[in-house]
Amino acid sequence: MNMHRLRTNKGQRYLWAFLLAFPALVGLVLFHYWPIYETARISLNDYNLFTREMEWVGLEHYQTALADNALQQSAVTTIKFFALQVPLQMLLALGLALLVKQPGRGVSILRTVILLPAVTSMVVASTVWGMMYHPSNGLINSILQSIGLPAQPFLTSPNQALPSIAVITIWKEVGLYMLFFLAGLMNISNEYYDAAKVDGANSWQILRHITIPLLRRTTLFVLITSTVSAFKVFVPIKILTAGGPLNSTRVIVLYLFDLAFKFNRFGYATAVGVLLALTLLIISIIQNRMSQEQ
């Protein structure tokens, strides 16, 4: 009798758990798994966005992507952007986290100031930075000329456009990653630092042998997150350069966008998106494995 009642109570608990989780499961299926399925399906078809006609082509889009010089060039540009943004952004985020961790006057105000760009719309930030980058009337060139330096072309130069976009994204996102590093620093026990100071370790030795190793998980999280963000960059480039000048800022997501909505090659654009997602997944796995082996 007691065994039967126990099984009944257990079944009721499972039923209530399922009913409580059901809305979240529905949302997960509708807004996560179903879009993944649709993306994979469309990538195997030649889809016309305007007429909604769909024709099966199999792996033809993926074969086209392997021989697409424009896609390869946009991939190279995306990797360059990653190299310009992610290492510097992580170093700045860690440095700022170490700075605002120290107690003192105005630290809370400084944290707020650093975090403000992170909650600013990227559209607004890109527009303001675009005005500051203006080659003749921009604030930055006015400052450069006032101290005797020549004005710079910035967004109108094939050599300076991509680094200029990287500066905007670093300014926008560094506060968020600083917050992650700050949370990691707060979880490190002061006992490690006290023991190191008793042993005569200086600030650099403490940072190198205690802080950085104990921040490994946080660093991995920031690295993967910032890598995905760098490979998905779109808004500032679309607003400020539209891929120019001379395609020097045409990254993969912008190329994908143009394929879908400018050239109506929606099926091929979807296949490019699938390849980008798989690439990011592989990069994340490699970064995770490398971190675990250290």
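The structure we're discussing is the one just above.
Thresholds, definitions, all that
- Residues numbered from 1 in each chain as written.
- Predicted model: local features only at pLDDT ≥ 70, side-chain atom pairs only at ≥ 80, totals over all residues.
- Heavy atoms only, no water.
- Helix = DSSP H or I, 4+ residues; strand = E, 2+ residues; numbered from the N terminus.
- Contact = heavy atoms within 4.5 Å.
- Axes fitted to C-alpha atoms, helices over the stretch in contact; angles between N-to-C directions.
- Nonpolar A, V, L, I, M, F, W, Y, C, P; charged D, E, K, R; others polar.
- Buried < 20%, exposed > 50% of the residue type's maximum accessible area, 1.4 Å probe, protein only.
- 1 Å grid on protein atoms, 1.4 Å probe; cavity = no way out; pocket = protein on both sides within 12 Å on 5 of 7 lines; lining within 4 Å.
- Points joined across faces, edges and corners; volume = space filled by probe spheres on them.
- Core = buried A, V, L, I, M, F, W, Y, C linked by side-chain atoms within 4.5 Å.
- Salt bridge = Lys/Arg side-chain N within 4 Å of Asp/Glu carboxyl O.
- Parallel < 35°, antiparallel > 145°, perpendicular 65-115°, else oblique.
- Left-handed = near helix turned anticlockwise from the far one by under 90°.
- Arc of directions from axis to C-beta.
- Polar contact = N/O pair within 3.5 Å; in protein donor to acceptor, adjacent residues only side chain to side chain.
- Lys, Arg positive; Asp, Glu negative; His and termini not counted.

Peer 1: Can you explain the side chain of Asn45? Please cite residues and give values.
Peer 2: With respect to the secondary-structure elements, Asn45 resides in strand β1 (residues 45-47). Sequence-distant contacts of Asn45, defined by excluding residues within four places in its chain, comprise Met54, Glu55, Trp56, Val57, His61 and Gly267.

Peer 1: Quick one: what's the story with the packing of helix α5 (residues 122-132) against helix α6 (residues 139-146), residue by residue and with numbers?
Peer 2: Interhelical geometry of α5 versus α6 gives an angle of 35 degrees and a closest axis separation of 5 Å. For the pair α5 and α6, contact is made by Trp129, Met131 and Met132 and by Leu139, Ile140 and Asn141, respectively. Across the contact of α5 with α6, the residue classes break down as 5 nonpolar, 1 polar and no charged.

Peer 1: An account of unusual backbone geometry is needed here, citing residue identities and associated values.
Peer 2: Each neighbour pair has its own omega, and for Gly244 with Pro245 the value is -5 degrees, a cis peptide bond. Note on placement: Pro245 falls in the loop between α11 (235-240) and α12 (252-261). Even without glycine at this site, Leu246 takes up a positive phi of about 55 degrees. Positionally, Leu246 belongs in the loop between α11 and α12. Residue Leu246 is classed as exposed on the basis of its relative accessible area of 77%. Positive phi outside glycine occurs at Asn247, with the angle close to 60 degrees. For Asn247, the location among the structural elements is in the loop between α11 and α12. The exposure class of Asn247 is partly exposed, given its relative accessible area of 41%.

Peer 1: Quick rundown of the layout of surface pockets? Include the residues and the values.
Peer 2: One number sums up the size of the largest pocket: a volume of about 350 Å³. In this structure, the largest pocket is lined by Leu98, Lys101, Gln102, Asn190, Tyr193, Asp194, Lys197, Ser203, Ile206, Leu207 and Thr211. Among the secondary structure elements, those contributing two or more residues to the lining of the largest pocket are α3 (69-101), α8 (190-198) and α9 (203-214). Along the lines of polarity and charge, the residues of the lining of the largest pocket split into 4 nonpolar, 4 polar and 3 charged.

Peer 1: So what about the nonpolar core? Which residues, and what values?
Peer 2: Of all hydrophobic cores here, the largest spans 36 residues; its most connected members are Phe81 and Phe181. Broken down by secondary-structure element, the contributors of at least two residues to this core are α3, α4 (107-115), α7 (161-186), α8, α9 and α10 (216-231). For this core, the leading source of residues is α7, giving 10 residues. Not counting chain neighbours up to four residues away, the residues in contact with Phe181 comprise Met90, Ala93, Leu94, Ala97, Leu215, Thr218, Thr219 and Val222. In this structure, Ile42, Ala260, Ala269 and Leu280 belong to the second largest nonpolar core, which totals 16 residues.

Peer 1: Give a detailed account of the pattern of salt bridges, specifying residues and quantitative values.
Peer 2: For the coordinates displayed, the defined rule picks out 2 salt bridges. With its nearest N and O atoms 2.8 Å apart, the salt bridge here joins Glu38 to Arg41. With Glu38 and Arg41 both in helix α1 (residues 2-43), this residue pair falls 3 residues apart, about one helical turn.

Peer 1: Quick one: what's the story with the packing of α3 against α7, residue by residue and with numbers?
Peer 2: Viewed as axis vectors pointing N to C, α3 and α7 meet at an angle of 40 degrees, and their least axial separation amounts to 6 Å. Considered as vectors, α3 and α7 are oriented oblique to each other. For the crossing formed where α3 meets α7, the hand is right-handed.

Peer 1: Quick one: what's the story with α5, residue by residue and with numbers?
Peer 2: When α5 is considered as a whole, its buried residues turn out to be Met122, Ala125, Ser126, Trp129 and Gly130. Take α5 and look down its axis: the buried residues cluster within an arc of 135 degrees, on one side only. Its buried side turned inward, α5 meets α6, α7 and α11. Regarding α5, its N-cap is Ser121, as a side-chain oxygen of that residue lies 3.2 Å from the backbone nitrogen of Val123 further along.

Peer 1: With reference to specific residues and values, describe the environment of Ile140.
Peer 2: Mapping Ile140 onto the fold places it in helix α6. Judged by its relative accessible area of 22%, Ile140 is partly exposed. The sequence separation of Ile140 and Phe266 amounts to 126 residues, and the corresponding C-alpha distance is 40 Å. Setting aside its immediate chain neighbours within four residues, Ile140 contacts Trp129, Met132, Tyr133 and Phe154.

Peer 1: Explain the side chain of Glu173 residue by residue, including any values.
Peer 2: Inspection of the secondary structure puts Glu173 in helix α7. An unpaired buried charge is present at Glu173: no salt bridge exists, and Lys172, the closest side chain of opposite charge, is 6.6 Å distant. Sequence-distant contacts of Glu173, that is, excluding residues within four places in its chain, are made with Gln85, Gln89 and Ser229.

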